[in-house]
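# Structural overview for review
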Amino acid sequence: MAATSISKNIAAPKKRARGLIITRVSFLNAKTLLGAGAFYILFIALVIGFLYPTLSGINFSSYLTSNAVAGLVGAKLKNVSSFSSLIGVELYSSIYALLWGGIIAFMAGAALPATFENGTLDLALARPISRTRYFLELWLSAVLGAIFLSLAATLSIWLATLFVKNADIDWSWLAIAELIELALMFLASGIGMFFGSFMNASRAAGGAAFGIIALAYLMNTFGTLSDKLSWMLKIEPLYYTQGIQALSEHSITGWYPAVLVVAGLVCGIAGLVIFNRRDLPTT
Amino acid sequence: MTVQEPVIVIDNLHKSYGKVQAVKGISMRVEQGEIFGFLGPNGAGKTTTIRCMLDVIRPTSGTLRVLGLDAQRDKMALHQRIGYLPGDVRLPGQMTGKQVINYFSRLQGREPVLLDDLVARFDVELKRQLKGYSKGMRQKIGVVLAFMCDPDVLILDEPTSGLDPLLQRTFNEFLLQEQARGKTIFMSSHIMSDVEKVCQRVAVIRKGEIVTIEEVEKLRQKAGQRVTVEFGDAVSPDDLSRIPGVSMVTSHNHAYHFNVGGSMDALIKALSRHEVLRLQAEEAPLEEVFLKFYENPQVETTTTGTR
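Residues numbered from 1 in each chain as written. Chains lettered and ligands numbered in written order. Predicted model: local features only at pLDDT ≥ 70, side-chain atom pairs only at ≥ 80, totals over all residues. Heavy atoms only, no water.

## Digging into the overall build of chain A
Rule in force here: Secondary structure counts use DSSP, requiring at least four H or I residues in a row for a helix and at least two E residues in a row for a strand, with both numbered from the N terminus. Residue contacts follow a heavy-atom distance rule, with two residues in contact if any of their heavy atoms lie within 4.5 Å. Method for areas: the Shrake-Rupley scheme with a 1.4 Å probe, in which residue coverage is limited to the protein chains shown. Neither His nor the chain termini are counted; the positive set is Lys and Arg, and the negative set is Asp and Glu. Every charge is mapped to an atom, namely NZ of Lys, CZ of Arg, CG of Asp or CD of Glu.
Each helix and strand in chain A was counted, giving 13 helices and zero strands. Ordered by position from N to C terminus, the α and β elements of chain A give α-α-α-α-α-α-α-α-α-α-α-α-α. With the C-alpha coordinates of chain A rotated into their principal frame, the extents come out at 90 × 45 × 30 Å. The long-range fraction of contacts in chain A, counting pairs at least 24 apart against all pairs at least 6 apart in sequence, stands at 77%. Carbon and sulfur atoms form 68% of the exposed surface of chain A, whose accessible area is close to 12300 Å². The average position of the 18 basic charges and that of the 12 acidic charges among the side chains of chain A differ by 16 Å.

## Observations regarding the packing of aromatic side chains
For clarity, the cut-off: When the centres of two rings from Phe, Tyr and Trp lie within 6.5 Å, Trp using its six-membered ring, the rings pair. Their planes under 30 degrees apart give stacked, over 60 give edge-to-face, and anything left gives tilted. The rule is short: NZ of Lys or CZ of Arg within 6 Å of the ring centre and within 35 degrees of the ring normal puts a charge over the ring.
Inspection of every chain in the model, using the stated rule, returns 26 aromatic pairs over all chains. Judged by centre distance (6.3 Å) and plane angle (85°), the rings of Phe27 of chain A and Phe148 of chain A are edge-to-face. Of this pair, Phe27 of chain A sits in helix α1 (residues 21-29) while Phe148 of chain A sits in helix α8 (residues 131-161), and the two are 121 residues apart along the sequence. Through successive ring pairs, a cluster of aromatic residues spans Phe135, Trp139, Phe186 and Phe275 of chain A. Its end group placed over the ring of Tyr17 of chain B, Lys15 of chain B keeps NZ or CZ at 5.1 Å from the ring centre.

## A closer look at the pattern of salt bridges
All names here are of chain B. Short version of the rule: A pairing counts as a salt bridge when a side-chain nitrogen of Lys or Arg comes within 4 Å of a carboxyl oxygen of Asp or Glu. Exposed residues in this analysis have more than 50% of their type's maximum accessible area, buried residues have under 20%, and partly exposed residues fall in between, with area computed by a 1.4 Å probe over protein chains only.
Enumeration over the complete set of coordinates arrives at 19 salt bridges over all chains. One salt bridge connects Arg201 with Glu34, and the closest N-O pair in it is separated by 2.5 Å. Here Glu34 lies in the loop between β2 (20-30) and β3 (35-39) and Arg201 lies in strand β9 (residues 201-206), a separation of 167 residues in the sequence. In this pair, the class of Arg201 matches that of Glu34, namely buried. Ionic pairing is found between Arg73 and Asp74, a salt bridge with its closest N-O pair at 3.9 Å. We classify Arg73 as exposed; its relative accessible area is 64%.

## Digging into the sheet that holds strand β4 (residues 61-66) of chain B
Residue and element names in this part refer to chain B. As a reminder of what qualifies: By this definition, two strands are paired if DSSP reports at least two bridges between them. Axes here mean lines fitted to C-alpha atoms, for a helix over just the part in contact, with angles spanning 0 to 180 degrees between N-to-C directions.
Strand order across the open sheet formed by four strands is β2-β1-β4-β5, with antiparallel pairing between neighbours. Only two strands of the sheet have a single neighbouring strand rather than two, namely β2 and β5 (69-70). Where strand β1 (residues 8-17) lies against β2, eight bridges are found, and the strand directions are antiparallel. From the neighbouring strand, Lys15 faces β2, where its bridge partner is Val23. In the packing of helix α1 (residues 46-53) onto the sheet, contacts are made with β1, β2 and β4, and the angle to β1 comes to roughly 115°.

## Describing the packing of helix α2 (residues 31-55) of chain A against helix α6 (residues 94-117) of chain A
All names here are of chain A. Quick reminder of the rule: Our angle categories are set so that under 35 degrees counts as roughly parallel, over 145 as roughly antiparallel, 65 to 115 as roughly perpendicular, and the remainder as oblique. Residues are grouped as follows: Ala, Val, Leu, Ile, Met, Phe, Trp, Tyr, Cys and Pro are nonpolar; Asp, Glu, Lys and Arg are charged; all remaining types, including Gly, are polar.
Contact pair α2 / α6: the axes reach a minimum separation of 10 Å and the direction vectors enclose 175°. Relative to α6, the element α2 lies roughly antiparallel. Residue-level inspection shows Leu33, Leu34, Gly37, Tyr40, Ile41 and Ile44 of α2 in contact with α6, the latter providing Trp100, Ile103, Ile104, Phe106 and Met107. Class assignment of the residues belonging to the contact of α2 with α6 gives a composition of ten nonpolar, one polar and no charged.

## Some details on the confidence of the model for chain B
Do not read the predicted coordinates in detail wherever pLDDT is low. Applied cut-off: pLDDT runs from 0 to 100 and stands for how confident the predictor is about each residue.
Per-residue confidence for chain B averages 87 on the pLDDT scale, and 94% of its residues sit at or above 70. Among the scores for the predicted complex, ipTM is 0.82 and pTM is 0.86.

## Considerations on the sheet that holds strand β12 (residues 246-252) of chain B
In a beta sheet, neighbouring strands are held together by backbone hydrogen bonds and run either parallel or antiparallel to one another. All names here are of chain B. Strands sit in the order β12-β13-β11-β14 across an open sheet of four strands; the sheet is antiparallel. Looking along the sheet, the strands with just one partner apiece sit at the ends: β12 and β14 (276-283). Neighbour-to-neighbour, the strand axes of this sheet turn through a mean angle of 20°, independent of strand direction.

## Observations regarding the interface of chain B and chain A
This is how the line gets drawn: Buried area counts how much accessible surface, traced with a 1.4 Å probe, disappears from two parts once they are put together, with both parts' losses summed. For the purposes of these results, a polar contact is taken to be a pair of N or O atoms within 3.5 Å, where, inside protein, one atom must be able to donate a hydrogen and its partner to accept one; residues adjacent in sequence count only when each atom of the pair is a side-chain atom.
Each partner contributes residues to the interface: chain B has 43 residues there, and chain A has 46 residues. With both sides pooled, the region where chain B packs onto chain A buries about 4000 Å², and carbon together with sulfur makes up 56% of that total. Area buried by chain B at its contact with chain A is led by Arg90, Arg106 and Leu107 of chain B, which between them contribute 19% of it. Where chain B meets chain A, there are two salt bridges. With its nearest N and O atoms 2.4 Å apart, the salt bridge here joins Asp279 of chain A to Lys15 of chain B. On inspection of chain B and its partner chain A, the count reaches 18 residue pairs in polar contact (both at pLDDT 80 or more). Looking at the side of chain B that touches chain A element by element, the count peaks at seven residues for helix α3 (residues 97-108) of chain B. Taken together, the residues of the side of chain B that touches chain A break down into 20 nonpolar, eight polar and 15 charged.

## Considering the nonpolar core
In plain terms, the rule: The nonpolar core is taken to be a set of buried Ala, Val, Leu, Ile, Met, Phe, Trp, Tyr and Cys residues, with the residues joined through side-chain atoms within 4.5 Å.
Of all hydrophobic cores here, the largest spans 106 residues; its most connected members are Tyr134 of chain A together with Phe147, Leu156, Phe186 and Phe290 of chain B. Among the elements that make up this core, the one with the highest residue count is helix α5 (residues 135-147) of chain B (six residues). With sequence-adjacent residues up to four places away left out, Leu156 of chain B is seen in contact with Ile50, Leu85, Ala146, Phe147, Phe171, Leu175, Ile185, Phe186, Met187 and Ser188 of chain B. Residues Leu34, Val69, Ala105 and Val164 of chain A belong to the second largest nonpolar core, which totals 52 residues.

## Focus on the pairing of strand β11 (residues 225-231) of chain B
Residue and element names in this part refer to chain B. Of all seven residues in β11, five are buried; the element is thus mostly enclosed. With seven bridges connecting them, β11 and β14 associate as antiparallel partners. When the sheet's bridge partners are listed, Glu230 is paired in β14 with Arg278.

In structure tokens, the structure reads:
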């Protein structure tokens, strides 16, 4: 058999910088989902900006202060004609939590099972990568997705203020609103990672995580509608997500975001424990 | 690791999924620099054993040591020195071959020193997105991923699956060269002809149990000779079956075909009493031996090769 160059003088492999390669690839895999989310944020912010001169003349008081609408948006507003209120309703209400929180929940839920499906999980774990690191890097990619959407929202609002006269955005309260929404999206990522840790189909796991956010939205809606159902509010996350109050009313309950972060950590850590203990599927 | 310790040590490995026992207490040793074949029909427990070695699934009981390291407890240190080729190479379709190689070499934490040679040898396409790749093309990428960082031990699950005959030959030559460089190779297959060309020893697994562990050369001797004889006079199959060492007698177009194990002396003496028009002898295909193992575990239960 002919000897070739490889049988002679093979250099010992040098160490190669790893960085957060799993995070990067997972983040890029979700680019369509995140891109769609960012597009709709931008679209909504610009539409509100363009329509604001007309919208500001409409009397929304009876509409937005009703229990039904308050249930849908997740807050009862006092001043409903300002730009910050309208942006708050469209981008920082419960709808924000449902849509963009749902995107992050789906992204995180699908992250792990997608690597079962595309065959990279076995190959990755056959290398010197612990399951813990693998899981945490995927989780980080979902958190980066949340930060990306948050930055997209801030940028979109800033773009809208360029052509809206008397845009009453208080940037420090906007930053607080973003941090509150980030806390919710962190919880969404934890829920997603939890489902992804034991489910093998990416769409099913992502869908299940999204379903939890949707269920929370329904509980928030019904809980706001009636005092008899108010118990629902305290066991679902949107009650603790006061982005719209922060932006429109400049008031929040300080410890509420901590509830979201702790719940997200609990879900994510539970997922990590499950992932570390389970046998991984072949397909 | 002591000098004498085999590179791969599997002791009394059990793996159950609920009530289903996929692997039932198998044990084997693979020595440094050996190419070891792990044969069995589909569903016999080959992939389960391999996935236990990689800690992708956890054994129910038993121990697995590779390079002196515990497959579970020391997996981070161990995986730096292992190359793995899965049975069904699936890769993310949106990435190119180059991106996948870059991704996994970074996960390995080592430079892919054999990459250029492997790409040239197996004619691997790197620029296209993987979603358009055939099974064979994906298998070639899988081979590159397993070998590129020059690991000490290769764990290959049905490595020639999907490769055309020319590439199978290239792959076998490559395995032998890697063996000459001191690499230890553990490869599973359900096709005997795949492993008999390169392996020194084979273990046969059936329904989760080791049926035999044997040197390929000894199996070849056991398989004996496949003989074809055409007679000029009348001979009955029973006459041939009574000759010591003769088995599996069949006839076709006036010619008799049968296997002869061990010495041919008795056969030659028996044939000399008849008019022989044509006589042909060749090595019996090992496939037949293994089919017997697959079908009936009672055929042979020697484990002379466990060391």
